[in-house]
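Read off the chains here:
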Protein chains: 2
Amino acid sequence: MSSSALDAEKIESKQEERTANVHRLDSLNLLIFTTLLVVVVLTIWVFKRRNFRYIHETCLALFYGFIIGAVLRHTSTSDTKTNILKMNDTILPKNNVPNYISFEDSNMSAVYLYSFQGPYQKDTVPLDEHKVMFNSEIFFNLILPPIIFHAGYSMKRKNFFRNLGAILMFALVGTTIACISTGIMVYGSVHAFSSLDFFSFTDSLYFGAIISATDPVTVLAIFNDLNVDVDLYAIIFGESVLNDAVCLVLANSIEKYVAGAILDKFDRTLMLKSLGNFFVVFIGSFAIGSGMGCLTALMTKFTYIRDFPLLETTLFVLMSYSTFLASEAAGLTGIVAVLFCGIFQAHYTFNNLSKESQQRTRDLFGLFNFLAENFIFIYIGITLFTFPSHKWDMRFIILSIMAICLARVLCVVFLSFILNLFRKNPISWRWQMMIIFSGLRGAFAFALAIRNVSTHARSLMYTTTSVIVIITVVFNGTLVAPVLKLLKIRMNVSEEIETTSSRDRYRIMGNNNDEQKKQSKTWLLNKWSHFDKIFMKPLLTHSYPPLTATLPPCLLPITRLLTTKEQRTMSRNENSLSNLTPSMMNSDDSILNNNHTVPTLELIDMDNSDDYLTGSNFKSNTRTNQVLDTQMDPLVQFDDDETLANNIG
Amino acid sequence: MSSSALDAEKIESKQEERTANVHRLDSLNLLIFTTLLVVVVLTIWVFKRRNFRYIHETCLALFYGFIIGAVLRHTSTSDTKTNILKMNDTILPKNNVPNYISFEDSNMSAVYLYSFQGPYQKDTVPLDEHKVMFNSEIFFNLILPPIIFHAGYSMKRKNFFRNLGAILMFALVGTTIACISTGIMVYGSVHAFSSLDFFSFTDSLYFGAIISATDPVTVLAIFNDLNVDVDLYAIIFGESVLNDAVCLVLANSIEKYVAGAILDKFDRTLMLKSLGNFFVVFIGSFAIGSGMGCLTALMTKFTYIRDFPLLETTLFVLMSYSTFLASEAAGLTGIVAVLFCGIFQAHYTFNNLSKESQQRTRDLFGLFNFLAENFIFIYIGITLFTFPSHKWDMRFIILSIMAICLARVLCVVFLSFILNLFRKNPISWRWQMMIIFSGLRGAFAFALAIRNVSTHARSLMYTTTSVIVIITVVFNGTLVAPVLKLLKIRMNVSEEIETTSSRDRYRIMGNNNDEQKKQSKTWLLNKWSHFDKIFMKPLLTHSYPPLTATLPPCLLPITRLLTTKEQRTMSRNENSLSNLTPSMMNSDDSILNNNHTVPTLELIDMDNSDDYLTGSNFKSNTRTNQVLDTQMDPLVQFDDDETLANNIG
């Protein structure tokens, strides 16, 4: 072997050795996270056994993250710290560093830089390489999609749709107002009181967008435990889910506007373009998400893949994930797409799945959601101490907190006033206070902030967002129960429904249904609900009545093709039912409204939604299965309908 | 704003734009994979419906990968190709390129380089950065662990342990012989017939190690469908699972030897060191894997976390993954650790889990396994066309194939001869042929090969391994059924057991147990089995008899602490049983051997192992649950034992 070849091999094998060391540290870092997650799980278990329900797991995850962050910070030698600082100064302009911490590995007697992606040896660290990319890639491609999909998939859709007006108002209009007003307030106060003159107006707006994403996961867990009024729950939940999407699109639009403004000089039409972009992205993502949801429903309806539950579950997971990817690849926002995909999957596809897959998909996304959420909070905790490009400015933090509080009060009070002009069940001031109080900032705001820490302004935003997330999660999270009591908000609302048997509950739902419908449904919602029942549900699921009954007879050749055997069988049972209870079949409306699939399904949704996190799903799952059994077996349904009919007539 | 600041912002926003574009392409690439997986799932479904069982999903995945790879290759312009080649020549010495393909994105009017990690723009691509790191990180940290864990977790342990001698012989001794003999043959023939003089002897040995990892997933799926003799199944399955681990450790040892030889000059003691390293790594990984398995069992036994199935499942998943990480962080091999962790989790922890978690964990890892496996085969298919650092050499491929065939025949025949000297149930020549024929190369060999393509020799290995994987999967996979018929190997063996009811089967198992034990268990295995029953099972699970009964009375204070309420309750039932059937309790041996947990558990393992992939798990799960019910309820057990006792006495 020639000596140059030997030299090359030497370098080679040294590189390989370094790679192996890097890999070991990488594993060690991940191991820290997994161990912390295990500790979180065990602590939650202890709390649950002792019925100590007022500290949420996200608080725990934050807390453990803190501790480890502090330990890592203080075990890293001062030498290392100065080295890093020197590097930052020399290599990177403008504090351009990735998130890493450092520690001494005595075995390898070399200082490694720890980044979230993995540690690099000091002399070869490709610092600016991973600057913006990594965290956003991990957070937005792996960690957030399951959280958002789970939110859509496990949503209590009935209450959600009943309060759709308020939810859309708060999420779309409210968030936009909050974003702009926070931006203006921050910009004004920053330039009036402090010397942060690098903080431009677009920076302020961008900050307004990322900090307006609310995430009341702690609040909702406690709502769930205490059975707080379902409508209030639905409004807070619905707002927070949709407003994540709105904030993301707003932030992207502002970024695009800034990019455009710098590259093409300032352009008058740019603002309009950005506004247009906002709607295009939102509507496009909605279209992809709902489209993929419907496609999955069609696939599962007509392929009978449910004979093979593993394949079915796999298909479901893959289709849901490709919704995200397709939307991202098209330059839209996957998060919005995946949210609506989740809603559509739950509304249509879920009914076509086998029992195993229904259970499995809910379990799977429940598990992913749990892991992803706690992972983020641990990460927030750790990085508060160890992230090197923090930019602390107490005045800015205090000003921001004041601004977001003021903006939230303004939005909620103003929009509630407008909503109460139209609502039959007005939003009381107590509810308004509770909605304001539930404006926690969580994982999503953090993820938006960490996407980019390349400038002074962005680092400042990142640090401030971290602090705000921690303060709101700990402070508001802990005080929910006292505040609920203070505001005298109705609790244990659904208890009478919870304690009765499934058949009784079925009857209650059936009785309440019509009244509630007339009470709170808006015109648009009624139209959609009608369309859903005569076209969407019969087309996408095995529900009754089939398309052959709901669409005009001239379309029979097509509708017959789109009707499955199950639907035809059900149809026959339904006909015999109609002979028994002719009164129910007289008006066209009652055929549609009294079809048994819809109320049963809504009942299931009520049961399954948020119990995962509280650990009480064992009980609720068995209940759900009972209901499902009832739904699957036409004879039992028939039986139930008879009871229902006897009860009504 | 000053003009320099504006310039900086311009660069900034350009970078951000590029990041966004990179992200879009990234999503597009992942979308291709997910779409292909969806197509694979749908095709499998079609095949299953038509009862066309002779093409396995891995073949399908390979096939679809081919097509997309070919399309991607031919849609990339020739311009791009030359650009890439030019870059390789100028930037990188020795063909030092990561795996990427290229395609023209007309929208962005720029050529992007596609790597598995994500595409980079031509001018900024940090080529040698990701050379070795990425694929190994993804494959070895995310894709392989679930596959290997699933193998351990779903193993038919009863037959596995019955044939442990043969399995260990084939996996440990056989693989080492195969590695060395393949290495020698390849080195000899390469230097005799062709001009690949850069291929050193250590390269040959390394190639021998990576190409000796067998992966008969296709064969076993068909074995499962046709109910081929369980002992043959166990030998082939066990060998392939353990030999992945052996190959990995061998390859690492050889790499370490090479690194050491280059850095410290050639040293006589190095060879011994590498050999020592082999055993240290293997035993260390085994210790971590089994230790973590036992720890999880203890956790789930004493915490009663099973009251909260979601927490329980999460804990299980986290503990299993941290086994992998802990082992990697300690510089050992996570794959080996995770394999034994899986076996221990199945043997102990599984019994402590709630029914929900038992089902969920099996489903979850079944799903991960399915996705990971098909992902790898799609990837193999795609990269065959698009991987730029392929090094094709037909002579080398042909020589390698001849070498591995020869080595396999040699090993199997030689080791079978030795084994047959001791086995009461000898390995017939038909079985030997079948074992030889099942020596497919699969995902693991590919993963080992793609870990490092930094030199000519490694590229050559990579290309050759790809080709061998494809040939063996397609050729051997398709011909299993005809070969089985040709060799007249017993099929439909377990059918008489399959068709009888669970209680009858229980009786059959109970009757056969003692005879089989005496027939085929070795001395060591009997010792272990005894230790397992008097110490491990009572300590780690809720099984009967408890430690208070199996250990000397002087340890009572400790053993009482380690015995749970369940075990005490069971104990009382058992005592009343002993009053009924005193004959069973006379000899110490019968207390231990006739305890009801063990045969029931083995029955469960028989049912659940490989049905996931075949889609028939719906049926088998219900069966399993019946058996579990029997196991859970002490009264039913009592009943069963009575039947058993009546039957025997």
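Residues numbered from 1 in each chain as written. Chains lettered and ligands numbered in written order. Predicted model: local features only at pLDDT ≥ 70, side-chain atom pairs only at ≥ 80, totals over all residues. Heavy atoms only, no water.

Where we set the bar: UniProt positions are given in the numbering used here, feature names are shortened, and annotations may be inferred rather than shown by experiment.
You'll find chain A entered in an unreviewed UniProt entry as Sodium/hydrogen exchanger, with Adineta steineri given as the organism. If you open the UniProt record of chain A and go to Sequence similarities (unreviewed entry), you find "Belongs to the monovalent cation:proton antiporter 1 (CPA1) transporter (TC 2.A.36) family."

### As for the overall build of chain A
Keep this limit in mind: What counts as a helix is a DSSP run of H or I of at least four residues, what counts as a strand is a run of E of at least two, and both are numbered from the N terminus. The classification of residues rests on relative accessible area computed with a 1.4 Å probe and restricted to protein chains. Under 20% of the type maximum is buried, over 50% is exposed, and intermediate values are partly exposed. Contact between two residues is taken to exist if any of their heavy atoms lie within 4.5 Å; hydrogens are not considered. Accessibility throughout is a Shrake-Rupley quantity obtained with a 1.4 Å probe, and a residue counts as covered only by protein chains that appear here.
Looking only at helices and strands, one finds 28 helices and three strands in chain A. The buried share of chain A, reckoned over its 649 residues, is 63%. For chain A, contacts bridging at least 24 residues in sequence account for 80% of all contacts bridging at least 6. About 25400 Å² of surface is accessible on chain A, with carbon and sulfur atoms providing 64% of the total.

### Quick notes on the packing of aromatic side chains
Between two aromatic rings, the relevant description is the distance of the centres plus the angle of the planes. What counts here: Each Phe, Tyr or Trp ring (for Trp, its six-membered ring) is paired with any other whose centre lies within 6.5 Å, and the angle between the two planes then decides the class: stacked below 30 degrees, edge-to-face above 60, tilted in between.
Applying the stated criterion to the full structure yields 50 aromatic pairs over all chains. Residues Phe 368 of chain A and Phe 368 of chain B carry aromatic rings whose centres are separated by 6.4 Å and whose planes lie at 10° to one another, so their mutual orientation is stacked. Of this pair, Phe 368 of chain A sits in helix 13 (residues 355–386) while Phe 368 of chain B sits in helix 13 (residues 355–386), on two different chains. Using a relative accessible area of 24% as the deciding quantity, one classes Phe 368 of chain A as partly exposed. Consider the rings of Phe 286 of chain B and Phe 340 of chain B, whose centres lie 4.7 Å apart with planes at 85°: the pair is edge-to-face. With Phe 286 of chain B in helix 10 (residues 268–303) and Phe 340 of chain B in helix 12 (residues 334–352), this residue pair connects regions lying 54 residues apart in the sequence.

### Comments concerning the pattern of salt bridges
Residues and elements named next belong to chain A. Let me state the cut-off plainly: Only one rule defines a salt bridge in this text: a Lys or Arg side-chain nitrogen within 4 Å of an Asp or Glu carboxyl oxygen.
This model, assessed by the stated rule, comprises ten salt bridges over all chains. Here Arg 395 ties to Asp 393 by a salt bridge, and the two come within 3.5 Å at their closest N and O atoms. A relative accessible area of 12% means that Asp 393 is categorised as buried.

### Observations concerning the packing of helix 8 (residues 217–226) of chain A against helix 17 (residues 456–486) of chain A
All names here are of chain A. In plain terms, the rule: Comment: axis = line fitted to C-alpha atoms, over the contacting stretch for helices; angle = value between 0 and 180 degrees taken between N-to-C directions. Angles are sorted into four bins: roughly parallel if under 35 degrees, roughly antiparallel if over 145, roughly perpendicular if 65 to 115, and oblique for all others. The handedness criterion is simple: a crossing whose near helix is rotated anticlockwise from the far helix by less than a right angle is left-handed, and one whose near helix is rotated clockwise is right-handed. For this classification, the nonpolar set comprises Ala, Val, Leu, Ile, Met, Phe, Trp, Tyr, Cys and Pro, the charged set comprises Asp, Glu, Lys and Arg, and every other residue, Gly included, is treated as polar.
It is the contact of helix 8 with helix 17, at a shortest axis distance of 9 Å, that shows an interaxial angle of 25°. As summarised for this structure, helix 8 and helix 17 are arranged roughly parallel, according to the angle between their axes. Pair helix 8 / helix 17 crosses with right-handed handedness. Mapping the contact onto sequence places Thr 218, Val 219, Ile 222, Phe 223 and Leu 226 in helix 8 and Val 473, Gly 477, Val 480, Ala 481 and Leu 484 in helix 17. A breakdown of the residues in the contact of helix 8 with helix 17 according to their chemical character gives eight nonpolar, two polar and no charged.

### Side note on the nonpolar core
What counts is decided by this rule: Nonpolar cores were defined as sets of buried Ala, Val, Leu, Ile, Met, Phe, Trp, Tyr and Cys residues, with membership established by side-chain atoms within 4.5 Å.
One finds Phe 199, Phe 223 and Met 434 of chain A together with Phe 223 and Met 434 of chain B to be the most contacted residues of the largest nonpolar core, which totals 294 residues. With 16 residues, helix 9 (residues 230–263) of chain A is the largest single contributor of residues to this core. Each residue touching Met 434 of chain A, except ones within four places of it in the same chain, is listed here: Phe 223, Leu 232, Ile 236, Val 480, Val 483, Leu 484, Leu 487 and Ile 489 of chain A.

### Looking at the environment of Leu 364 of chain B
By secondary structure assignment, the location of Leu 364 of chain B is in helix 13. With a relative accessible area of 5%, Leu 364 of chain B lands in the buried category. Separated by 214 residues in the primary sequence, Leu 364 of chain B and His 150 of chain B place their C-alpha atoms 9.4 Å from one another. Excluding residues that lie within four positions of it along the chain, Leu 364 of chain B makes contacts with Leu 364 and Leu 367 of chain A together with Val 317 of chain B.

### Regarding unusual backbone geometry
In the Ramachandran plot, Lys 488 of chain A falls in the positive-phi region, its phi being about 50° despite a non-glycine side chain. Residue position: Lys 488 of chain A is located in the loop between helix 17 and helix 18 (495–499).

### Structural notes on helix 14 (residues 394–422) of chain B
Every α-helical turn comprises 3.6 residues, leaving residues that sit three or four positions apart pointing alike. We count it as follows: Expected helix span is given by 1.5 Å per residue-to-residue step, counting one fewer step than there are residues. Polar contacts, as counted here, are pairs of nitrogen or oxygen atoms within 3.5 Å of one another; within protein the pair requires one atom able to donate a hydrogen and one able to accept it, and residues that are adjacent in sequence qualify only if both atoms are side-chain atoms.
In this model helix 14 of chain B runs 43 Å from its N-terminal to its C-terminal C-alpha over 29 residues, within 8% of the 42 Å that 1.5 Å per residue would give. Where helix 14 of chain B begins, the side chain of Asp 393 of chain B points an oxygen toward the backbone nitrogen of Arg 395 of chain B, at a separation of 3.2 Å.

### Regarding the side chain of Ser 154 of chain B
All names here are of chain B. Mapped onto the elements of the fold, Ser 154 is located in the loop between helix 4 (133–153) and helix 5 (157–162). Here Ser 154 falls in the buried class, since its relative accessible area comes to 3%. At 2.7 Å, the side chain of Ser 154 and the backbone oxygen of His 150 are in polar contact.

### Points about the environment of Trp 523 of chain A
Relative to the elements of secondary structure, Trp 523 of chain A occurs in helix 20 (residues 523–540). Assessed through its relative accessible area of 64%, Trp 523 of chain A is described here as exposed.

### Some words on the confidence of the model for chain A
All names here are of chain A. Where we set the bar: Note: pLDDT gives the predictor's confidence per residue, expressed from 0 to 100.
Per-residue pLDDT for chain A has a mean of 71; in total, 69% of the residues score no lower than 70. Throughout residues 495–520 the model reports pLDDT below 50, and contacts reaching past four residues in sequence, or to other chains, amount to 38 contacts. This stretch, residues 575–649, has a pLDDT under 50; its non-local contacts, to residues over four places away or in other chains, come to 131 contacts. Complex prediction metrics read pTM 0.75 and ipTM 0.74.

### Describing helix 7 (residues 201–211) of chain A
The element helix 7 of chain A is extensively covered by neighbouring structure, given that nine of its eleven residues are classed as buried. The set of residues buried in helix 7 of chain A consists of Asp 203, Ser 204, Leu 205, Tyr 206, Phe 207, Gly 208, Ala 209, Ile 210 and Ile 211 of chain A.

### Examining a nonpolar patch on the surface
Residues and elements named next belong to chain A. Counted only if it meets this: Think of a patch as exposed residues, more than 30% relative accessible area, with no salt bridge, where like charges cluster within 9 Å and nonpolar side chains (Val, Leu, Ile, Met, Phe, Trp, Tyr) cluster within 5 Å.
A contiguous nonpolar surface patch, about 450 Å² in accessible area, is contributed by Leu 272, Leu 275, Phe 279 and Ile 283. Within the secondary structure layout, Ile 283 lies in helix 10 (residues 268–303). The class of Ile 283 is exposed, set by a relative accessible area of 55%.

### Some points on the packing of helix 13 of chain A against helix 13 of chain B
Angle between the axes and distance between the axes: these two values describe a pair of packed helices. Running from amino to carboxyl end, helix 13 of chain A crosses helix 13 of chain B at an angle of 80°, the nearest separation of the two axes being 11 Å. Between helix 13 of chain A and helix 13 of chain B, the angle is such that the two are roughly perpendicular. Across from Arg 360, Asp 363, Leu 364, Leu 367 and Phe 368 of chain A in helix 13 of chain A, the residues of helix 13 of chain B making contact are Arg 360, Asp 363, Leu 364, Leu 367 and Phe 368 of chain B. Per-class residue counts for the contact of helix 13 of chain A with helix 13 of chain B are six nonpolar, no polar and four charged.

### Description of the state of the cysteines
Residue and element names in this part refer to chain A. Filter applied, for reference: The definition used for a disulfide is geometric: two cysteine sulfur atoms within 2.5 Å.
Tallying each qualifying case throughout the model produces zero disulfides over all chains. Its sulfur unpaired, Cys 405 is 12 Å from the next cysteine sulfur, which belongs to Cys 411. Taking the relative accessible area as the measure of exposure, Cys 405 reaches 42% and is therefore partly exposed.

### Overview of the environment of Ser 320 of chain A
Residue and element names in this part refer to chain A. As for its position among the elements, Ser 320 is in helix 11 (residues 309–329). Of the residues examined, Ser 320 reaches a relative accessible area of 2% and is grouped as buried. Separated by 172 residues in sequence, Ser 320 and Ile 148 place their C-alpha atoms 11 Å apart. Excluding its chain neighbours within four sequence positions, the residues that come into contact with Ser 320 are Phe 149, Val 338, Cys 341 and Gln 345. Of note is the side chain of Ser 320, whose polar atom sits 3.2 Å from the side chain of Gln 345.

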